[in-house]
Amino acid sequence: MKDVTDNAVVAAKSALRARILEARRAIPPDLHVAEAHALAGHLEQLAGDAATVCGYVPVGTEPGSAAMLDALARRGIRVLLPVVAADGAALRWGEYRPDALVSARFGLREPAPPWLPAEALAEADAVLVPALAVDRRGVRLGRGAGFYDRSLPLRRPHIPLVAVVRDDELLDALPAEPHDVPMTHALTPGRGLVALA
């Protein structure tokens, strides 16, 4: 029975991913830019007195922009970006420098070496996490590769884990699996920083 349930959850997640990615591709470029600007404007709520924030460089139709990272850096906040390991292990981290990003696997933009080990995540006072959707319980729907689920347990307890999504991607409920690491907050263009249960 457990395998049937697990298969149903995997299938449900796969269908949701396809639907959300299709909807994101249909977003007009001017709306994407406006939402990215709004997200950058909400960072005051998030950053507070943080010394280090782990972020990411959005690719394609992902919400946000490098302007979010620039805004953090202008405040004197150290920004760490993920580096995808070739062996599928936990993410490594590199310091954000706007003019020093390099092309990487999966169409990502990453910091050039030297890189920090996966355990550098424990230095973060907040973590921005890419997501396709998040629900009000904190269940996050990612792209399915598991890099963040393997990495986030290395954080310090009680630091904010913030899923960055569009307003309509904050849902009432998502299918969950035992390995899913719950988010503490969502950051959306229209609602700003939303605490999750």
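Scoring rules and cut-offs
Residues numbered from 1 in each chain as written. Predicted model: local features only at pLDDT ≥ 70, side-chain atom pairs only at ≥ 80, totals over all residues. Heavy atoms only, no water. UniProt positions renumbered as here; feature names shortened; annotations may be inferred. Helix = DSSP H or I, 4+ residues; strand = E, 2+ residues; numbered from the N terminus. Buried < 20%, exposed > 50% of the residue type's maximum accessible area, 1.4 Å probe, protein only. Contact = heavy atoms within 4.5 Å.

If you check an unreviewed UniProt entry, the chain appears there as 5-formyltetrahydrofolate cyclo-ligase from Mycolicibacter kumamotonensis. Reading the Sequence similarities (unreviewed entry) entry of the UniProt record for the chain gives the comment "Belongs to the 5-formyltetrahydrofolate cyclo-ligase family."

### Considering the UniProt feature "binding site: substrate" (unreviewed entry) in the chain
Residues annotated in UniProt with the feature "binding site: substrate" (unreviewed entry) correspond here to Val57 and Glu62. In this fold, Val57 is placed in the loop between β1 (52-54) and α4 (66-74). Relative accessible area serves as the criterion here: at 13%, Val57 is assigned to the buried category. If we skip the residues at most four places from it in the chain, Val57 touches Glu62, Leu69, Leu81, Leu101 and Arg109. In this structure, Glu62 sits in the loop between β1 and α4. The residues touching Glu62, leaving out its near neighbours within four places in the chain, are Arg24, His32, Tyr56, Val57, Pro130 and Arg143.

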